[in-house]
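# Chains, contacts and geometry: an overview
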Amino acid sequence: MKDEQDWARCTLARFLPAIKGKVAWFDMGADYPSKIAALEAEDPESGRRFRINLKREDRVATKSYAGNKVRSLEFSLACAAVLCEERDAKVVTIGGPGSNQIVATSVYAATKGVPCEQFPSFPEDASLDNVLNVFSMISLPGWRGAQWAKGPGSKLPLLANILRQARSKVVLMMPGANNNVGCLGQVGGALELCEQVDQGEVAAPKHIFLPVGSSCTITGLLVGIAMSRKLGMKGLSGDIKVHGVIIHHAFALLPFAVRFLIGFVARDTLRTIIALGGPDASSDLEQVLSEGLVLHTNYAGRYGGWTPEALKAKSVAQHATFSDGTPIWACSTFTGKCFAAILDFVRDHDGNLGDNEVLLWCTKSLVQPLGPAKSVQDICQGVADMPQAGKSWLLDGCGDTSERRIKELLVDKCQEVDLENLLEQLVLQPAN
């Protein structure tokens, strides 16, 4: 249980003070409220300039890790820590080799002293963005090897063992922290945006865009919009569409299943809020789910990999201007595909969108973490210990044109690389 000073930094508790002390919560040191900024760019197809607003979740931390995962982990990791202490257990976090969730969980588990093990086992296409996440994983506590590169005969028994221990020695973190407690932090994010609108910091958006992987973030935002209306807040009371851009090729084939999952977890999250003493926003939630949720299925490509549309969107973002001077990270898995959907949305409206009608929820952290406990040599050894399939995946991600230097140094001659300096050259630098 946290004291009053700690809870004063909990975004959700500011709006729902009844929850204080009733649910586990970690202060991750994030700089909330996340800032509002604007992006202005030219659509290369139409030649028109357009402007959208940004909710800069990607900048809430400048030294550890930012992005949408931080809000989810404030509650989900804290609850997992309680279970770990009760059971003398460890957290196991699951995803693909490019998983932001694994990186974020590893960073904050180490910070909070929660034992954590990584299991990057899901298939995912290679890209430089994903390669960087693998190097972050290796540098952080809990690395157990390139599980995704192992055959089913090696990987499945490990997964089966994890599941067998899930009620004893293992606390399994849902992919993307997508459950009722993981979504609580995102509810706070939506209430925070509503407050920023009410205070005149930003105009009320008509369209909120974000990528959808596990669907934790979009689920929490929908619950938060419903809760803001129940609380009588005005900022998000209008006709708002929340656009989820599905980024996994399998889920893109099953949008009805994604919609069902979002609704199921949203209702479970609301029931949790009610049980913690919060108001019942059921009627508002049902309206938001039926009228406010839009799913886009045409931008997924292969999970983790670039699509032609996302590469074009990345180029537009690279030439855009930003009111806060800090570009977004248009990554191959999430933000690049979401921004591609925004470009098509702007084109479809043929110049008839207002400057403040679209808001991008920036989910990709601008910080690429390098764990302090391991040296570059340790990371290189992690690469050397990979099966050949893992090394080939890294090479594919590094590419063979503008990133040839990375390919040659980082993989073929790993021992010669100053990884920390290389990361500084490759990724966006957070603002001071």
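Just above sits the structure.
Residues numbered from 1 in each chain as written. Predicted model: local features only at pLDDT ≥ 70, side-chain atom pairs only at ≥ 80, totals over all residues. Heavy atoms only, no water.

## Some remarks on the environment of Gly185
Its place among the elements puts Gly185 in helix α7 (residues 182-198). Since its relative accessible area comes to 5%, Gly185 is described here as buried. The sequence separation of Gly185 and Glu74 amounts to 111 residues, and the corresponding C-alpha distance is 6.7 Å. Dropping the residues within four chain positions of it, Gly185 is found in contact with Arg71 and Phe75. (Helix = DSSP H or I, 4+ residues; strand = E, 2+ residues; numbered from the N terminus. Buried < 20%, exposed > 50% of the residue type's maximum accessible area, 1.4 Å probe, protein only. Contact = heavy atoms within 4.5 Å.)

## Re the packing of aromatic side chains
Evaluation of the coordinates by the stated rule reveals four aromatic pairs. Between the aromatic rings of Phe209 and Phe345, the centroid separation amounts to 5.2 Å while the plane-to-plane angle is 65°, which identifies the pairing as edge-to-face. Here Phe209 is found in strand β6 (residues 207-212), whereas its partner Phe345 is found in helix α13 (residues 335-348), with 136 residues between them in sequence. Here the two residues Phe209 and Phe345 agree in accessibility, since each one is buried. In this arrangement the basic side chain of Arg71 is found over the ring face of Tyr32, its NZ or CZ atom lying 3.9 Å from the centre. Cation over ring: Lys364 sits above Trp329, and NZ or CZ is 4.6 Å from the ring centre. (Phe/Tyr/Trp six-rings, centres within 6.5 Å; stacked < 30°, edge-to-face > 60°. Lys NZ or Arg CZ within 6 Å of the ring centre and 35° of its normal.)

## Quick look at a nonpolar patch on the surface
The grouping of Leu253, Leu254 and Phe256 at the surface amounts to a nonpolar patch, some 360 Å² of accessible area in total. With respect to the element layout, Phe256 can be found in helix α10 (residues 255-275). The class for Phe256 is exposed, based on a relative accessible area of 59%. (Patch = residues over 30% accessible without salt bridge, like charges linked within 9 Å, V, L, I, M, F, W, Y side chains within 5 Å. Areas by Shrake-Rupley, 256 points an atom, 1.4 Å probe, with all protein chains shown as cover. Salt bridge = Lys/Arg side-chain N within 4 Å of Asp/Glu carboxyl O.)

## Brief notes about the packing of helix α3 (residues 69-87) against helix α4 (residues 100-112)
The N-to-C vectors of α3 and α4 enclose an angle of 55°; their axes lie 10 Å apart at closest approach. Relative to α4, α3 is oriented oblique. Here α3 runs over α4; the crossing is right-handed. Contacts between α3 and α4 involve Lys69, Val70, Leu73 and Leu77 on the former and, on the latter, Asn100, Gln101, Ala104, Thr105, Tyr108 and Ala109. Partitioning the contact of α3 with α4 into residue classes produces six nonpolar, three polar and one charged. (Axes fitted to C-alpha atoms, helices over the stretch in contact; angles between N-to-C directions. Parallel < 35°, antiparallel > 145°, perpendicular 65-115°, else oblique. Left-handed = near helix turned anticlockwise from the far one by under 90°. Nonpolar A, V, L, I, M, F, W, Y, C, P; charged D, E, K, R; others polar.)

## Thoughts on the sheet that holds strand β7 (residues 241-246)
Read from one edge to the other, the open sheet built from seven strands follows the order β8-β7-β6-β10-β2-β1-β9, with strand pairing classed as mixed. The open sheet terminates on both sides in strands that have one partner only, identified here as β8 (293-296) and β9 (321-322). Across four bridges, β7 lies against β8 in parallel orientation. The residue of β8 that forms the bridge with Val245 is His296. Each of β1 (36-42), β2 (49-55), β6, β7 and β10 (358-361) is contacted by α13, which is oriented at about 145° to β6, the strand it contacts most. (Pairing = 2+ DSSP bridges.)

Spatial relationships are all this shows, so hold off on functional conclusions.
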